[in-house]
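Structure at a glance
Here are the chains, one letter per residue:
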Amino acid sequence: MHTLKQKLSRPALALLIIAVTAFVPGTAFAQPKVAAEIGRDAPDFTLVNLAGEEVNLYEELESGPVLLDFWALWCKPCLRALPGTNKLYAEFKDRGFTVLTINTDSPRSTAKVKPYVKSKGYDFEVLMDPNRSLQRLYRFSQIPKVYLIDQDRKIAYAQLGYSTELEKRLHGEVAKLMPAAAPESEEAMDADHEEGTN
Amino acid sequence: MFFPSSLGVLALLVALVVPGAAHAVERITVHAENQAEYSLNTQSENDRDQPKEIFEDWLDVDLRFDDLLLGFRYEAFQPHELRGDSLREGVVQRYASFDFGRSEIRVGNFYEIFGRGMLFRSYEERDIRVDNNVDGALFVGEAGGFRGKAFSGRMRNTGPTRSAEREDALRGTDLEYRVPSIGSANVVLGGSYVLQSLSNELGERFRLEEEAYAGRGSIAHPLFDLYGEYARINRLDREDVIALLGTMPSKGVGHYIALSMFPVDFLTFSAEYKRYEMFRFTSMSDPGSDINNPPSLTRENSYSLISRNPHQIEPDDEKGFQIEAVATPRYGTTITVNRSETAKIDEDLFHHDVAFNEWYGEVRHEVNDEVTVAAIYDYQRDEKRGIQTHTPVLDIEYYPAGKGWAVRGEYQFQERDVFVSPLDRIERSHFALVEWSVNNDIIISMTGEHSTSVDPSRPAQDDFLMTQVDYRINQNHSLTVAGGKRQAGFVCVGGVCRFEPAFEGVEVKLRSSF
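Now for a description of the structure that goes with this document. (Residues numbered from 1 in each chain as written. Chains lettered and ligands numbered in written order. Predicted model: local features only at pLDDT ≥ 70, side-chain atom pairs only at ≥ 80, totals over all residues. Heavy atoms only, no water.)

1. Remarks on the packing of aromatic side chains
Geometrically, a pair of aromatic rings is defined through the distance of the ring centres and the angle of the planes. Residues and elements named next belong to chain B. Under the defined criterion, the tally for this structure stands at 18 aromatic pairs over all chains. The cationic tip of arginine 299 hangs over the ring face of tyrosine 360; the distance from NZ or CZ to the ring centre is 3.9 Å. The ring of phenylalanine 464 carries the charged tip of lysine 485 above its face, separated from the ring centre by 5.4 Å. (Phe/Tyr/Trp six-rings, centres within 6.5 Å; stacked < 30°, edge-to-face > 60°. Lys NZ or Arg CZ within 6 Å of the ring centre and 35° of its normal.)

2. Observations regarding the state of the cysteines
Joining two cysteines, a disulfide is a covalent bond between their sulfur atoms. Residues and elements named next belong to chain A. Throughout the structure, instances matching the rule amount to one disulfide over all chains. The partner cysteine of cysteine 75 in its disulfide is cysteine 78, sulfur to sulfur 2.1 Å. Taking the sign of the torsion about the S-S bond as the criterion, the disulfide between cysteine 75 and cysteine 78, at about 75 degrees, is right-handed. Neither residue differs from the other here; cysteine 75 and cysteine 78 are each classed as buried. (Disulfide = S-S within 2.5 Å. Buried < 20%, exposed > 50% of the residue type's maximum accessible area, 1.4 Å probe, protein only.)

3. Here we look at helix α7 (residues 164-177) of chain A
In a regular helix each residue adds 1.5 Å, so 14 residues correspond to 20 Å; α7(A) covers 21 Å between its end C-alpha atoms and thus fits that length. Against the buried residues of α7(A) lie β3 (66-71), α4 (76-92), β6 (145-149) and β7 (155-160) of chain A. (Helix = DSSP H or I, 4+ residues; strand = E, 2+ residues; numbered from the N terminus. Expected span 1.5 Å × (residues − 1). Contact = heavy atoms within 4.5 Å.)

4. A few points about the pattern of salt bridges
Taken as a whole, this structure holds 47 salt bridges over all chains when the rule is applied. Two residues, B:Glu125 and A:Arg132, come together in a salt bridge whose shortest N-O distance is 2.8 Å. With B:Glu125 in strand β8 (residues 124-125) and A:Arg132 in the loop between β5 (125-128) and α6 (133-138), this pair bridges two chains. Here B:Glu75 ties to B:Arg73 by a salt bridge, and the two come within 3.5 Å at their closest N and O atoms. Judged by relative accessible area, B:Glu75 falls into the buried class, the value being 1%. The exposure class assigned to B:Arg73 is buried, which follows from its relative accessible area of 2%. (Salt bridge = Lys/Arg side-chain N within 4 Å of Asp/Glu carboxyl O.)

What follows is the structure, given as structure tokens:
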């Protein structure tokens, strides 16, 4: 009877061994504090949104940080995360924050994406990537996945999966990148005060 | 040096070691992703075509110097003899691309799609082991409202024979024009052309070629979206070729129309129509490998029992429609109704030979911010395979506020009526899933299934139990270990399916990025 070692070629076996040892405690690669992609330049791309217009990442970054949120209609945790993403966008959009959600459904489901987004009343931008070109560009395979990109075009934060705790953590990371809200002018404050007293 | 012949191992070592050094060299980044899978299937003893142990690995390495990208993929599949694909171990992709801002040139392996894939789609769907990348050159550019793509290369064959030799020369071009805005509508017009030539000895002797072209248009408006595409395949109809290959229809035609409407905030519709006649555009050297991937117009279901009896697209003889309505009558409640029907093409207007039809209804309600409940009912009838199913599903999610843990449960029941004589029987399956996200790094899921059949030729009942643990070891490595027993069935993505044999044993998956 052949053992696994006999059946697998040496390169394949070596790959397996290296891959496993890559995260064994004590190795140089064990327990990194941050994901490998943090601090890297975010590759630029142009995709079409639901209105049929082209949207470019670097142009969007001119107004402030950008959140990339990859999702698909078949992915239940992704759908669960979208309301939180919409709230995040509503909270920070006035300070230059942009959310680009990237739909990765195959052409089979393309026609259903806009009706779904409209029915939910989401305000964020939805870009269509039916051939998953961005997943290859950013090199990942699982969703939901988010990348937070700062104005220097660097990946500031990356997150895989969904939980309410992760949602909170993402909120904190976005808040860190946002400039503090501009203090209201004295005139505006006086006007508010008068309205309040009348 | 250890294993000096393995370029893949060297590449992985480079990927592991170089990132630290790369940070010192400004504007050079190295990025690698590895996915390794191993399975030990004791059920394979009943099937000579299935090996007991399978190991697969995909390693992608990218080096980026500003706008220049260099990369390669190493793949291993053991034992590779299973799929008759001698190229399944080694460096199977290598590429270089340069981004000029408004245009990009790529040389080597690439994936691309024209429109919605009616004429040409090169893509990878690892779950169903489809990878029909093209090896050649690709240009993508835009100017003044025009966006064009052009390529020349050879597509990787993906048919059952897994003949990986790229014997067909493929050339294609696609051009889109964005018409200046008409009111609040965005209009895009486009067209594609693909030429395939068989470049082996036979092809060169008889100049075997096929050409395909398509025209499309789309309107995106705040109240509606409309997309339509017409495509045609011209096959050779020379007498000498027909004598050589036998009679074969010279023309293939495909129509696809999609209309979405958003009349009010709480109600949206989508309707799609297809008509595909001799429209399978396949490799001339491997008829099992598709060049196009037209929309299948059947619902992509994510519940196990519903997706177990899928309709596999048949572009040579198919017409049909799909309509879907999504309503949100109140905040937190979503109702989805879907109806699709696929029939064979018949010129007789009074004869409607339905091949597959499906009704799907779903009510999803957010009880509060933490709990969501969904009730689903699905009905399918597949005349070709003689199967009719009724499947109700109950799905409950609990995500406690501010916590890293969550629980999800599913219960599915299916009554499956096999009505093709002499195989007539009724099968009933109960399926339950419990998924516990212990924290952000560990997910434990258990699936149990109990099936009964009234057919005396089959076991009266059978039980299946699978346990899976997903462990995110750190930010860059995640491990999945699954063990148990599961039914045979189809895994489908986008109307393309792969049959997964019965399984009993252990599966291990490891994903890493560096």
